[in-house]
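Examining the three-dimensional arrangement
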Amino acid sequence: QVQLVESGGGLVQPGGSLRLSCAASRSIFSISDMGWYRQAPGKQRELVARIVGDGTSVYADSVKGRFTISSDNAKNTVFLQMNTLKPEDTAVYYCNAYVVHRSLDIWGNGTLVTVSS
């Protein structure tokens, strides 16, 4: 099974930026939708951003205009560029691959993003 490994999390100040990366252990983008989710303390996991098969990107309302999802298919890597970070963005961020033809979700272990002064 494909493995996903996130990196790039850390502590940033409000208004700062951070770029998360998710590396897949092998080629998967041709058969998968790639996305980022997050879970804050005491909250449910929620969609942050996702790329579907036709290349369209969707975003949660709370991050529109601030976050951008992108991918480098040759390197089997998906990114999340996070700008103008707010304290409410603090969460564990998870990379997700949805293997469409198998209705299978693959998850990374998460990377912690903390936005605080």
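This text goes with the structure placed above it.
Positions within a chain are numbered from 1, following the residues in the order the chain's sequence is written. Where totals are concerned, whole chains, interfaces and linings use all residues; where local detail is concerned, this predicted model gives features only for residues with pLDDT of at least 70, and gives and counts side-chain atom pairs only at 80 or more. Side-chain figures throughout are based on the complete set of non-hydrogen atoms in the structure, without hydrogens or water.

1. Quick word on the pairing of strand β1 (residues 4-7)
- Only protein chains enter the area calculation, which uses a 1.4 Å probe; residues under 20% of their type maximum are buried, those over 50% are exposed, and those in between are partly exposed. For the purposes of this entry, the term helix denotes a DSSP run of H or I that reaches at least four residues, the term strand denotes a run of E that reaches at least two, and both are numbered from the N terminus. Where burial is concerned, the two faces of β1 differ: the one with Leu-4 and Glu-6 is buried and the one with Val-5 and Ser-7 is not.
- Two strands pair if DSSP finds at least two bridges between them. Note that β1 and strand β3 (residues 18-24) share 4 bridges and pair antiparallel. Counterpart to Glu-6 in the pairing with β3 is Cys-22.

2. Here we look at the nonpolar core
- We define the nonpolar core as a collection of buried residues of types Ala, Val, Leu, Ile, Met, Phe, Trp, Tyr and Cys that are connected through side-chain atoms lying within 4.5 Å of one another. Judged by nonpolar contacts, the single largest core of 30 residues is most densely connected at Leu-4, Ile-28, Trp-36, Leu-80, Met-82 and Tyr-93.
- Residue assignment for this core shows that the elements contributing at least two residues are β3, β4 (32-39), β5 (46-51), β7 (67-72), β8 (77-82), β9 (91-99) and β11 (111-115).
- No other element matches the 5 residues that β9 contributes to this core.

3. Quick look at the sheet that holds β1
- What the 4 strands build is an open sheet, ordered β1-β3-β8-β7; its pairing is antiparallel. Strands with a single pairing partner mark the edges of an open sheet, and in this sheet they are β1 and β7. Across the sheet, the mean angle separating the axes of adjacent strands is 15 degrees when strand polarity is ignored.
- As paired strands, β3 and β8 are joined by 6 bridges and run antiparallel to one another. Across the sheet, residue Cys-22 finds its bridge partner in β8, namely Val-78. Axis lines are fitted to C-alpha atoms, over the contacting stretch for helices. Their N-to-C directions set the angle, which ranges from 0 to 180 degrees.

4. A closer look at the packing of aromatic side chains
- Aromatic rings from Phe, Tyr and Trp, taking only the six-membered ring of Trp, are treated as a pair when their centres fall within 6.5 Å; an angle between ring planes under 30 degrees marks them as stacked, one over 60 as edge-to-face, and anything in between as tilted. Under the counting rule described, the total for this entry stands at 1 aromatic pair.
- Two limits define a charge over a ring: the Lys NZ or Arg CZ must be within 6 Å of the ring centre, and within 35 degrees of the ring normal. Of note, Arg-19 hangs over the ring of Phe-79, and the distance from its end group to the ring centre comes to 3.9 Å.
- When the ring centre of Trp-107 is taken as reference, the NZ or CZ atom of Arg-45 above it lies at 4.6 Å.

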